[in-house]
Structures are given as structure tokens and as C-alpha cells.
Amino acid sequence: MSNLRLILGDQLSVSMSSMEGYDIQQDIILMCEVWDEAVYVKHHKKKIAFLFSAMRHFAQELKQSGYRVEYTKLDDNNNTGSFRGEVSRALKRHNIKKIIVTHPGEHRILTEITHWEDDFDTQVEIRPDNRFLCTVESFAAWAKDRKQLRMEYFYREMRKKYDLLMEGGKPIGGQWNYDADNRKSPKAGLNIPPPYTNDTDHITNGVLELVEQRFDEHFGSLEPFYFAVTRHQALQVLNLFIDQRLEFFGDYQDAMIEGEPWMYHSHLSFYLNCGLLLPLECVELAQHAYREGKAPLNAVEGFIRQIIGWREYVRGIYWLNMPDYADVNFFNANRALPDFYWHANTRMNCLHQCVLETEKNAYAHHIQRLMVLGNFALLAGIEPKQVNEWFLTVYADAYEWVEMPNVSGMILFADGGYLASKPYAAGGSYINKMSNYCKKCHYRVSRKNGENACPFNYLYWDFLIRNRDYLNSNHRLGMMYKTYDRMDKEKQNAIHEDSIRFFSHMENGTIV
Ligand code: FAD
Ligand code: DLZ
Ligand code: SF4
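What you see is a predicted model; the values in this text were computed from it and never measured.

**So, the site of ligand 2**
Okay, so step 1: Lining the immediate surroundings of ligand 2 are 16 residues, of which Gly9, Asp10, Cys32, Val34 and Glu37 lie closest.
Okay, so step 2: Gly105 is positioned such that a nitrogen or oxygen atom in its backbone is 3.2 Å from an oxygen atom of ligand 2.
Okay, so step 3: Between ligand 2 and the protein, one listed contact pairs an oxygen atom with a side-chain N or O atom of Arg108 at 3.3 Å.
Okay, so step 4: When the free accessible area of ligand 2 is taken as 490 Å², the share hidden by the protein chains comes to 100%.
Okay, so step 5: Among the cavities detected, the one that contains ligand 2 is the second largest cavity.
Okay, so step 6: With three residues, helix α2 (residues 45-64) is the single largest residue contributor to the shell around ligand 2.
Okay, so step 7: For the shell around ligand 2, the residue count by class is eight nonpolar, three polar and five charged.

**Some remarks on the packing of aromatic side chains**
Okay, so step 1: If you walk through the whole model with that rule in mind, you get 47 aromatic pairs.
Okay, so step 2: Here the aromatic rings of Phe219 and Trp342 are separated by 5.3 Å at their centres, their planes lie at 75°, and the arrangement is edge-to-face. Of the two residues, Phe219 sits in the loop between α8 (202-214) and α9 (231-249) while Trp342 sits in helix α13 (residues 340-343), which places them 123 residues apart along the sequence.
Okay, so step 3: The interplanar angle of 65° and the centroid separation of 6.0 Å between the aromatic rings of Phe376 and Phe502 together place this pair among those described as edge-to-face. Of this pair, Phe376 sits in helix α15 (residues 366-380) while Phe502 sits in helix α22 (residues 489-508), and the two are 126 residues apart along the sequence. We note that Phe376, like Phe502, is buried.
Okay, so step 4: Through a chain of ring-to-ring contacts, three or more aromatic side chains come together here, namely Phe219, Phe340, Tyr341, Trp342, Phe376, Trp390, Phe391, Tyr395, Phe456, Tyr458, Phe502 and Phe503.
Okay, so step 5: The lysine or arginine in question, Arg305, covers the ring of Tyr155, its NZ or CZ lying 5.9 Å from the ring centre.
Okay, so step 6: Over the ring of Phe503 we find Arg335, and its NZ or CZ is 3.6 Å from the ring centre.

**Points about the side chain of Lys98**
Okay, so step 1: Inspection of the secondary structure puts Lys98 in strand β4 (residues 96-102).
Okay, so step 2: In this structure the side chain of Lys98 is engaged in a polar contact, spanning 2.6 Å, whose partner is the side chain of Glu125.
Okay, so step 3: Excluding residues that lie within four positions of it along the chain, Lys98 makes contacts with Ser2, Asn3, Leu4, Thr122, Gln123 and Glu125.

**A short note on the side chain of Glu301**
Okay, so step 1: Mapped onto the fold, Glu301 is located in helix α12 (residues 297-321).
Okay, so step 2: Its relative accessible area of 0% is what places Glu301 among the buried residues.

**Observations regarding the site of ligand 1**
Okay, so step 1: Around ligand 1 lies a shell of 29 residues, among which His265, Ser266, His267, Asn273 and Tyr363 are the nearest.
Okay, so step 2: Between Arg369 and ligand 1, the recorded distance is 3.5 Å, taken from a side-chain N or O atom to a nitrogen atom.
Okay, so step 3: When the free accessible area of ligand 1 is taken as 810 Å², the share hidden by the protein chains comes to 99%.
Okay, so step 4: When atom positions are compared with the pocket grids, ligand 1 is found to occupy the largest cavity.
Okay, so step 5: Elements with a contribution of two residues or more to the shell around ligand 1: α10 (269-274), α12, α15 and α17 (400-411).
Okay, so step 6: Looking at which domains feed residues into the shell around ligand 1, each of domain 2 (136-194 + 232-321) and domain 3 (340-507) supplies at least three.

**Examining the domain arrangement of the chain**
Okay, so step 1: By domain assignment, the chain separates into domain 1 (2-127), domain 2 (136-194 + 232-321) and domain 3 (340-507).
Okay, so step 2: Here the C-alpha centre of domain 2 lies 31 Å away from the C-alpha centre of domain 1.
Okay, so step 3: Listed as interface residues are 15 residues of domain 1 and, on the opposing side, nine residues of domain 2.
Okay, so step 4: Of the roughly 810 Å² buried where domain 1 meets domain 2, counting both sides, 68% is carbon and sulfur surface.
Okay, so step 5: Connecting domain 1 to domain 2 are zero salt bridges.
Okay, so step 6: If you look at where domain 1 meets domain 2, you find two residue pairs in polar contact (both at pLDDT 80 or more).
Okay, so step 7: Listing elements by their share of the side of domain 1 that touches domain 2, those giving two or more residues are α2 and α4 (107-114).
Okay, so step 8: When residues of the side of domain 1 that touches domain 2 are assigned to their parent elements, the largest contribution, three residues, is made by α2.
Okay, so step 9: Considering only residue class, the side of domain 1 that touches domain 2 consists of six nonpolar, seven polar and two charged.

**Here's the deal with the environment of Leu74**
Okay, so step 1: Relative to the elements of secondary structure, Leu74 occurs in the loop between β3 (69-72) and α3 (83-93).
Okay, so step 2: Contacts of Leu74, omitting those with residues within four sequence positions, involve Glu33, Val34, Trp35, Phe52, Arg56, Asn79, Leu210, Arg214 and Phe215.

**Some remarks on the layout of surface pockets**
Okay, so step 1: Taken as a whole, the largest pocket encloses approximately 900 Å³ of empty space.
Okay, so step 2: In terms of lining, the largest pocket is formed by 28 residues, of which the most central are Asp179, Arg183, Trp310, Tyr424 and Arg476.
Okay, so step 3: Residues that form the lining of the largest pocket fall into these classes: 14 nonpolar, six polar and eight charged.
Okay, so step 4: Three or more residues apiece are contributed to the lining of the largest pocket by two domains, here domain 2 (136-194 + 232-321) and domain 3 (340-507).

**Brief notes about the sheet that holds strand β1 (residues 2-6)**
Okay, so step 1: Strand order in the open sheet made by the five strands is β3-β2-β1-β4-β5, with parallel pairing throughout. Looking along the sheet, the strands with just one partner apiece sit at the ends: β3 and β5 (123-127). Ignoring strand direction, the axes of neighbouring strands in this sheet form an average angle of 25°.
Okay, so step 2: With five bridges connecting them, β1 and β4 associate as parallel partners. Bridge assignment links Asn3 to a residue of β4, and that residue is Lys98.
Okay, so step 3: Lying on the sheet, α3 is in contact with β1, β2 (28-32), β3 and β4; it crosses β2 at an angle near 150°.

**Regarding the pairing of β4**
Okay, so step 1: Burial analysis of β4 places six of its seven residues in the buried class, which makes it a mostly covered element.
Okay, so step 2: Where β4 and β5 come together, five bridges link them in parallel fashion. Note that in β5 the partner of Ile99 across the bridge is Val124.

Quick notes on the rules
Within each chain, residue numbers correspond to sequence positions counted from 1 in written order. Here every chain gets a letter starting at A, and every ligand a number starting at 1, in the order they are written. Selection of residues for local features in this predicted model requires a pLDDT of at least 70, selection of side-chain atom pairs for listing and counting requires 80 or more, and totals for whole chains, interfaces and linings are taken over all residues. Heavy atoms from the whole structure form the basis of all side-chain values; hydrogens and water molecules are not counted. We call a residue near a molecule or strand as soon as one heavy atom of that residue lies within 4 Å of the molecule or strand. Polar contact is defined as a pair of N or O atoms within 3.5 Å, subject to the rule that within protein one atom must be able to donate a hydrogen and the other to accept it, and that residues adjacent in sequence are counted only when both atoms are side-chain atoms. With residues, only the protein chains shown are counted as cover, and all accessible areas are computed by Shrake-Rupley using a 1.4 Å probe. Think of a 1 Å grid over just the protein atoms. A cavity is a set of points where a 1.4 Å probe fits yet cannot get out, a pocket is an open set with protein on both sides within 12 Å along at least five of seven lines, and lining residues have an atom within 4 Å of a point. Those molecules having more than half of their atoms within 2 Å of a cavity or pocket grid point set are described as sitting in that cavity or pocket. Per the convention used, a helix needs a DSSP run of H or I reaching at least four residues, while a strand needs a run of E reaching at least two, with both numbered from the N terminus. Three classes are used: nonpolar for Ala, Val, Leu, Ile, Met, Phe, Trp, Tyr, Cys and Pro, charged for Asp, Glu, Lys and Arg, and polar for all others, with Gly counted as polar. Each aromatic pair joins two rings of Phe, Tyr and Trp (for Trp, the six-membered one) with centres within 6.5 Å, and gets the label stacked for planes under 30 degrees apart, edge-to-face for over 60, and tilted for any other angle. Three labels apply to residues, based on accessible area from a 1.4 Å probe with only protein chains included: buried if under 20% of the type maximum, exposed if over 50%, partly exposed otherwise in between. Counting as a charge over the ring demands two things of the Lys NZ or Arg CZ atom: a distance within 6 Å of the ring centre and an angle within 35 degrees of the ring normal. Any two residues whose heavy atoms approach within 4.5 Å are treated as being in contact. For the domain bounds, the source is a domain assignment made automatically or taken from a database. Accessible area that two parts lose when put together, evaluated with a 1.4 Å probe and summed over both, is termed the buried area. Any Lys or Arg side-chain nitrogen located within 4 Å of an Asp or Glu carboxyl oxygen qualifies as a salt bridge. Grid points are joined across faces, edges and corners, and a volume is the space filled by probe spheres set on the points. Should DSSP find at least two bridges between two strands, the strands are regarded as paired. Note on geometry: axes are C-alpha line fits, over the in-contact stretch for helices, and angles between N-to-C directions span 0 to 180 degrees.

Here's what the structure looks like:
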């Protein structure tokens with residue numbers, strides 16, 4: 001009897017726990033493109049194409065290495081459209097003793113898989129997801145009995161555990177965190193290297209055709225398509241980052257420049273999140289670049305923190321709190337997501353640019369997601385479920401374990417401060433400092449009130465006042481409330497009236 005080893009689309013690594021102990025004589029690997037996964041949210045076309053192409057390449061490589069792989073393509077005649085249906089078909093084809101699968105990245109799939117043992121009357125083994133550096137159990141143990149969870153303390157533990165940028169038990173350079181050096185505004189004349197590109201092969205071309213035909217109404221441009229789709233190519237992206245971008249990663253991590261979607265970021269999340277790259281190899285290569293004197297400490301520490309800190313931390317939070325985390329809505333925010341998140345039809349240039357780039361690339365960098373797209377959703381009080389669905393749909397690196405804590409926790413503060421200590425709310429001056437968007441905007445960032453004032457300026461105050469009952473006790477916001485209370489009544493009224501006008505325009509379809 002054989003084991004059926006199910007490999008999901010974001011588990012494309014030969015070192016997956018589900019592959020351990022593979023019996024070359026008997027075992028069968030099952031991979032399947034299924035309609036349910038492609039439409040449970042209407043993913044960006046590029047995300048579907050990327051994953052299907054990466055899955056097909058991975059399956060081909062496994063076969064070439066002698067593994068027995070059964071692969072269902074989306075348009076195969078008898079494709080049932082679901083994991084359950086495909087597993088059920090495989091059980092009928094073979095004499096299966098046990099289904100082995102690595103812990104999936106989304107709670108809805110875990111729930112589904114936990115029913116299979118009873119439903120199929122076959123043993124199911126769910127193995128830990130060994131692509132992460134902190135297990136779900138270790139994170140729970142770290143979080144237990146802590147009054148407050150803070151990424152910084154979790155990160156320090158991870159630095160020690162993996163001996164990264166450490167010297168004699170202490171952080172290299174004497175500090176754990178060099179973020180204070182990492183907030184440079186963009187300056188003219190930066191020589192930003194071009195991002196990775198490649199030529200599509202017949203596998204990718206086949207997938208692009210399929211996606212064009214079957215997912216035409218999904219958001220986003222399908223081409224040009226430049227994603228790496230094999231481990232070999234993903235390693236090229238990693239090496240390009242280390243050689244060409246890492247040096248300035250820290251300096252310009254928060255900077256946004258119109259027409260420069262990629263900046264000095266790594267563009268590795270696509271590959272890390274689907275298994276083509278592993279976190280430890282990425283951070284070790286960055287550490288090596290530091291030791292070789294090829295990249296400064298602020299850049300390397302910042303990059304390592306994002307991966308062993310933030311990435312692992314948000315995953316821990318997700319699994320510790322699901323399924324309840326999906327329903328958090330601390331501010332009871334209930335406004336509908338404005339249409340311009342899909343069509344970029346807004347006169348706010350920052351949002352216009354970020355949505356356009358998202359549509360084109362299925363990518364926006366962190367500060368665009370956090371301080372433009374996210375900040376607006378927070379200030380405008382958009383319902384968390386709608387914001388979550390948008391972020392899960394539009395980015396090629398989006399899976400619920402990473403998307404949801406970033407959206408509900410980091411940008412919307414919908415968990416009431418569980419993940420972050422204060423809302424990342426900001427007015428237009430932050431965006432102006434970190435970008436050149438305001439120069440070409442219909443609105444004036446220097447104006448605080450009136451028809452042509454930057455909406456972020458008055459919406460910032462409106463957000464604080466609207467949610468005063470929820471935020472009053474947050475000592476990090478005390479100063480802001482004092483500032484508001486010292487404003488004269490006329491100014492306070494102007495904030496209120498501008499916000500009412502803005503929202504009523506936004507909701508009646510006037511372009512804002
Ligand atoms: P870099 O800036 O080069 O960072 C290096 C790596 O660090 C990333 O590849 C990523 O693996 C990791 N990382 C950095 N910040 C975070 C973070 N906050 N959480 C988790 N990992 C992080 N990241 C996703 O991978 N998928 C998502 O669906 C996703 N949704 C997000 C939604 C919002 C509202 C926000 C604010 C952030 C989101 N992030 C998400 C985190 C971050 O924006 C992306 O990881 C990053 O932009 C990916 O681009 P990069 O690979 O060039 O990252
Ligand atoms: C995102 C995605 C898509 C679009 N399609 C598939 C698919 O057809 N087959 C598959 O195995 N996985 C796909 N995925 C990734 C899954 O959604 C992902 O494995 C789960 O959400 C768990 O993280
Ligand atoms: Fe965005 Fe305001 Fe700047 Fe316009 S002025 S780009 S709306 S921050």
C-alpha cells in the first residue's frame with residue numbers, strides 16, 4: 001500500500017515535511033490545479049499564472065528526479081475543482097494507506113483536511129510546516145503569559161536562536177535594531193537597478209493562455225510576466241538582490257517614487273511564500289554579504305528582521321488566533337471599500353499610483369501597502385473583511401497567514417492593539433516626506449482644510465476623533481488628542497465638515 005503525499009501550490013520545495021520518508025517504490029505525490037483555490041477570492045491574474053507555472057515546473061522537476069507525481073491541470077476533463085475531489089479521485093485510483101500533507105497556510109484548508117480522515121476512512125497525517133523558522137507551538141509558548149506581544153522581543157529571541165548577526169551573545173554593533181537609520185526620503189537621481197526578468201518558456205506560455213481564457217474577469221494585467229517560476233530562477237532573484245539592492249535596502253526601505261515600484265526591495269516574498277526559497281538561506285546570504293563588507297549593517301539587520309522577525313511573528317499571530325482573528329473589528333468600521341481600489345479612479349495621486357502598480361505587477365512594496373493603501377483604509381473606516389479580501393486578491397505573495405495579520409493587525413488596528421502598539425495612521429505630510437507623489441497630485445499636501453486640501457490631512461483627525469472612545473487610553477496617542485483639544489472650534493469644525501463632504505462624495509460616486 002502507498003502513501004498519498006499531497007503537495008499544495010504554496011509548498012513547492014523538495015524539503016517539505018510531507019516529502020520526508022518518501023518511498024520511491026510505492027508512494028505517490030499528488031498536485032492539483034483546482035478551481036476552488038483560484039476563485040475563493042478572485043486572485044490577480046498574475047498570481048494564478050505564477051503559481052500554476054511554478055507548480056507545473058516543480059512537478060516536472062520532481063518527475064525528472066524519479067518521483068511519481070500525479071498532476072491535475074485546471075482544464076483536465078475530469079478535474080473536480082477541489083482538493084477534496086482530487087484526493088477522493090486519487091484514493092479510488094490507488095490502494096492508499098495514508099494521506100500525508102504538510103500543515104497548510106490557511107485555516108480554511110486546515111479545517112477541510114481535518115475532515116478527511118472520517119470522510120475518506122483513511123489515515124491522514126498533517127506534518128508541521130518546516131518552511132518556517134518558528135513552529136506554531138514554539139510561538140504559542142513564547143506568547144503564553146505575556147501581557148503584550150511585541151515583534152521586537154520575538155525578533156531578539158530569533159536572532160539568538162539562529163545566531164544571526166550575533167557576536168559573543170550580543171547583537172553585532174551593539175544594537176538589535178537599526179531602523180532609525182532606515183528612513184531616508186527618496187532623492188532625485190537614485191540609480192535603482194532594474195528588477196529580475198526572464199523569457200517565458202512553453203510551460204509558462206501554456207499557463208498564460210489558460211489564465212487569459214479562464215480568468216479574464218479577474219483583476220490585474222497578465223503580461224508582461226517576469227516572475228521566476230523555478231527554484232533555480234528564484235535563486236537568481238535572491239542573488240540579484242544581494243548583489244544589487246541590499247546595500248541600499250535599509251536607506252530607502254520606506255521611500256516611494258512614482259514610476260519605481262520595485263525600489264531597493266528584495267521581491268522575494270513571492271518565492272518565500274510558495275516554497276521556492278527558504279527563509280534561512282535568504283538571511284544567511286545577507287549575513288554573508290555583511291561579513292564580506294558588501295552591505296552595511298543597517299541594511300542587513302533590517303532585511304533579516306523582516307524575515308525572521310515580522311514574517312514569523314505574523315504567522316505565529318495568525319495560527320494562535322484563528323479562526324476568531326478573521327472577525328476582529330475593534331473600531332466597528334463598516335464603510336464599503338471604494339471603487340478606486342480596483343480602478344485607480346481617484347485624484348489622490350498616491351493611491352492612484354499604488355493601485356496602478358498593484359494592477360500591473362501584483363506587487364506593491366511594504367510602505368505603499370502600509371502607509372498609502374492601508375493608511376487610507378484605516379482613516380476612512382473601511383470594513384476589515386473587505387480590506388482583507390482586497391489585499392488577499394491583488395498581491396501575488398498573498399496567503400491568509402501573512403495577509404490577515406498585516407491587514408487586520410498592522411494597518412487597521414482591528415485587533416485592538418494585539419499585534420501593534422498603535423495605529424499606523426498618518427496625514428499627508430508623512431506621504432510627502434517619503435515620496436514624490438504629492439508633487440503631481442490634484443490636492444495640496446500643505447493645505448489642511450478646504451476642497452483642495454490633501455484628504456489624508458483632515459481624515460487623520462477625523463479618524464482620531466471618531467474613534468476617541470476606543471483610543472483614549474492609548475498613551476502613545478495622548479499628545480495628538482491634546483493637540484486636537486487645543487485647536488480652535490473653527491478648525492475642529494472644518495475637519496468635521498471636510499470629512500463629511502469627502503465621504504459623501506466618495507460614497508455617491510464622485511471622483512475624489
Ligand atoms: P522586502 O521589503 O524586500 O522584505 C523582505 C521580506 O521580508 C519579504 O519578502 C517578506 O517575506 C518579509 N516581510 C517584510 N515585511 C513583512 C511583514 N510585515 N509581514 C510578513 N513578512 C514581511 N507580505 C506577504 O508576503 N504577503 C502578503 O499578503 C502581505 N500583505 C501585506 C498587507 C499589508 C497591508 C501590509 C502592510 C504588508 C503586507 N505584507 C505581505 C508584508 C510586506 O509588505 C511584503 O512582505 C513585502 O512588501 C514583499 O515585498 P518584498 O519581498 O520586496 O519585501
Ligand atoms: C493560491 C492558489 C491557487 C490560485 N491555486 C492553487 C491550486 O490550484 N492548487 C493548489 O494546490 N494551490 C493553489 N493555491 C495555493 C493554495 O490556495 C494554498 O495552498 C492554500 O491557500 C494554503 O495556503
Ligand atoms: Fe496623497 Fe495627499 Fe500627497 Fe495627494 S497630496 S499624493 S492625496 S498625500
